[in-house]
Amino acid sequence: MATLLHLDSSPLATSVSRELTREFVENWKDAHPAAQVIYRDLAANPPKPVDQAWIYAAFTPVETRQPEQKALLAYSEESIAELQQADEYVFGVAMHNFSIPSVLKLWIDQVVRGGRTFAYGPNVPKGLLLGKKATILVATGGVYEAGTPTAALNFIDPYLSTILGFIGITDVTFVTAGGTAQLMSGKVDRGQFLQPHLEQVRSIAV
Ligand SMILES: Cc1cc2nc3c(=O)[nH]c(=O)nc-3n(C[C@H](O)[C@H](O)[C@H](O)COP(=O)(O)O)c2cc1C
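These numbers were taken from a predicted model, which means no experiment stands behind them.

About the criteria used
Residues numbered from 1 in each chain as written. Predicted model: local features only at pLDDT ≥ 70, side-chain atom pairs only at ≥ 80, totals over all residues. Helix = DSSP H or I, 4+ residues; strand = E, 2+ residues; numbered from the N terminus. Buried ≥ 20, exposed ≤ 12 C-beta atoms within 10 Å, placed from the backbone. Axes fitted to C-alpha atoms, helices over the stretch in contact; angles between N-to-C directions. Left-handed = near helix turned anticlockwise from the far one by under 90°. Contact = placed C-beta atoms within 7 Å. Nonpolar A, V, L, I, M, F, W, Y, C, P; charged D, E, K, R; others polar. Core = buried A, V, L, I, M, F, W, Y, C linked by C-beta atoms within 7 Å. Near = placed C-beta within 6 Å.

Along the chain, Arg190 falls in helix H8 (residues 190-204). Of the residues examined, Arg190 has 14 C-beta atoms within 10 Å and is grouped as partly exposed. Between the alpha carbons of Arg190 and Thr180 there is a distance of 8.8 Å; along the sequence they are ten residues apart.

Encoded structure:
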């Protein structure tokens, strides 16, 4: 059964990135009527930061891992199983301080694990999540279009491309709704602002 993993990371109920992922999921479900969607709201249920006990547990060979170490890794294992099970991913990403929300970084720290999502090889590490497709739906207050002076301040696209590629996910599409600050100031109508972005999302949610 086709499976989509849907993550949201914005803390806001009025979030633009959440509206884009909702549109994506609705359209994707129409295109895959028998499919399954796994949902994680990272803002509502933030992953824990990795701490010393977690790191020791992750680096303890699975055969000798103690029950309490297994418990510490339970969220990580569950999240990795979701990444393995899903064929496709859609992530809603709010720009916070030129980068991703901290809850998404916490989730990344939980799922990027040697021997689980990447393998140490003789030369460079090798990603293990192969044949997957990711769509990243981003909302930013400012505008960071390629070729503009502010483009270099966008750390979301380069970081997510790099870290997803590191674990094997190289088919990554970004759609960015840039300039949401205009909505806050009331200068621009939300429906008008969103329309082209929602259309773009519908066209790729297949
Ligand atoms: C804590 C915080 C930090 C932000 N940092 C930036 C930033 O560095 N650059 C920017 O353009 N917008 C920034 N914004 C504005 C958000 O990117 C914008 O509101 C966007 O729509 C957030 O996505 P969302 O609507 O899905 O929550 C920030 C907003 C918050 C709440």
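It is worth spelling out the packing of helix H1 (residues 16-31) against H8 at this point. Orientation of H1 relative to H8, taken along the N-to-C sense of each, is 35°, at an axis distance of 9 Å. The handedness of the crossing between H1 and H8 is right-handed. Across from Glu19, Leu20, Glu23, Phe24 and Asn27 in H1, the residues of H8 making contact are Leu194, His197, Leu198, Val201 and Arg202. Here the contact of H1 with H8 is composed, by residue class, of five nonpolar, two polar and three charged.

This next bit is on the nonpolar core. Phe24, Phe91, Val93, Ile136, Leu137 and Val138 are the most contacted members of the largest nonpolar core, which totals 37 residues. If you list the elements that add at least two residues to this core, you get strand E1 (3-8), H1, helix H4 (74-85), strand E3 (88-94), helix H5 (102-111), strand E6 (133-140) and helix H6 (156-166). Excluding residues within four positions of it along the chain, Phe91 makes contact with Leu7, Ala134 and Ile136.

With that settled, the discussion passes to the site of the ligand. Neighbouring the ligand are 16 residues; Ser10, Ser17, Ala94, Gly141 and Gly142 lie closest to it. Elements supplying a minimum of two residues to the shell around the ligand: H1 and E6. In terms of residue count, the dominant contributor to the shell around the ligand is H1 (three residues). Across the shell around the ligand, the residue classes break down as six nonpolar, nine polar and one charged.

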